[in-house]
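Descriptive analysis of the structure
Each chain, written out:
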Amino acid sequence: MEDEDLGSRRERIFSLSTGSIRARVFDRFLFDTPFTKNGKTQGGLEDQWKRRTVLQTEGSFPALVNRLLVVKSESMEFSPVENAIGMIETRTAALRNELEVPRSSEGDQLPRLQSLQRILQGSVAVQVNSGVLSVCTAFLSGEPATRLRSQELQQLIAALLEFMAVCKRAIRVHFRLIGEEDQEFHTQLVNGFQSLTAELSHYIPAILSEL
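Per chain, residues are indexed from 1 in the order of the written sequence. Selection of residues for local features in this predicted model requires a pLDDT of at least 70, selection of side-chain atom pairs for listing and counting requires 80 or more, and totals for whole chains, interfaces and linings are taken over all residues. Calculated side-chain values reflect all of the structure's heavy atoms, with hydrogen atoms and water omitted.

1. Some details on the pattern of salt bridges
The term salt bridge refers to a side-chain nitrogen of Lys or Arg lying within 4 Å of a carboxyl oxygen of Asp or Glu. Inspection of every chain in the model, using the stated rule, returns seven salt bridges. Salt-bridge contacts for Glu77 lead to Arg51; the nearest nitrogen and oxygen are separated by 3.2 Å. Within this pair, whereas Glu77 is found in strand β3 (residues 70–78), its partner Arg51 is found in strand β2 (residues 49–61), the two being separated by 26 residues in sequence. Residue Arg51 is classed as partly exposed on the basis of its relative accessible area, which comes to 28%. Where salt bridges share partners, they join Asp32, Lys50 and Arg52 into one cluster. Strands here are runs of E lasting at least two residues and helices are runs of H or I lasting at least four, both read from the DSSP assignment and numbered beginning at the N terminus. Partly exposed describes any residue whose relative accessible area lies between the buried limit of under 20% and the exposed limit of over 50%, with all areas from a 1.4 Å probe on protein chains only and scaled to the type maximum.

Put into C-alpha cells, the structure is as follows:
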C-alpha cells in the first residue's frame, strides 16, 4: 500500500466505493472519518486528514433482512493535500455534470439555469471563493509548498486549473441561457471569476495563460 502513488490510490478507492452501484446492488459501503495527527477531529486545511473505510457485506442490499454480516473492511488515509485535491475535483465534477447532462426539451432550460447559477455562485462569487484561495494559502504559499511531493504539487495545480477552466466554460453557457433579468447576476459572476483568477495567479502564474 505504501508504494502506491497518489493517482493509483485515489482510483482504487473510488473503484471500491462505486463498483457495486453500477450493478444496482449494494454490497459495499463507505464512510469518512476526519482526524488530525495531533488528536483533534477537525483542523486547518494543512492539518486535516481523512480516513475512508469501505465495508463489504456478505450479501447485497436491497435485502429481506435489515442487517448483513460485514465480511471485509478496508481503510485508507488521505493526507491534507489529497483532501484538498478531492474537494476541488468534487466541485469541478458537479459543475461539469451540470454542463453535460442532456436536457430533453427547452422546458428543462429553467431548472438547468437555476442549478447552474447555484453551483457557479458557490464557485466564483467573491464572498464564497475562500475555499479555493484557502487551499492555495495552505499548500502553495512559500514554505508549505516545499513540503509537497512533486506529484502532489502537480496534481493540486492541475485540479485548480481544471476547476477554473470548467468555471469559465460554465459562465459562457450561463450567458447563452439567461434573459435580460439575469444580466446583472451574470456580470457578478464574470467579475468574481476575474477576481478569483487574479488571486490565484499569485500562486499559479501560468493560470493567466491557461485560461
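2. Description of the nonpolar core
In a soluble, globular protein the nonpolar side chains are often hidden away together inside. Nonpolar cores are built from buried Ala, Val, Leu, Ile, Met, Phe, Trp, Tyr and Cys residues. Side-chain atoms within 4.5 Å join them into one set. With 39 residues, the main nonpolar core has Leu95, Leu116, Phe139, Leu156, Leu160 and Leu200 as its most contacted residues. Counting only elements with at least two residues in this core, the list comes to α2 (80–100), α3 (109–124), α4 (130–139), α6 (150–177) and α7 (183–200). Sorting elements by how many residues they give to this core places α6 first, with 12 residues.

3. Section: the sheet that holds β3
In this analysis, strands are considered paired if DSSP registers two or more bridges between them. Spatially, β1-β2-β3 is the arrangement adopted by the three strands of the open sheet, whose pairing is antiparallel. One side of each edge strand has no neighbouring strand; the edge strands of this open sheet are β1 (26–35) and β3. Taking each pair of neighbouring strands and ignoring which way they run, the sheet shows an average axis angle of 20°. Any two residues whose heavy atoms approach within 4.5 Å at even a single point are treated as in contact. Axis angles are defined between N-to-C directions and span 0 to 180 degrees, where every axis is a line fitted to C-alpha atoms and, for a helix, only to the segment in contact. On top of the sheet, α2 reaches β2 and β3; it is set at about 100° to β3, its chief contact.

So, to be careful, I would describe these as geometric facts and stop short of saying anything about function.
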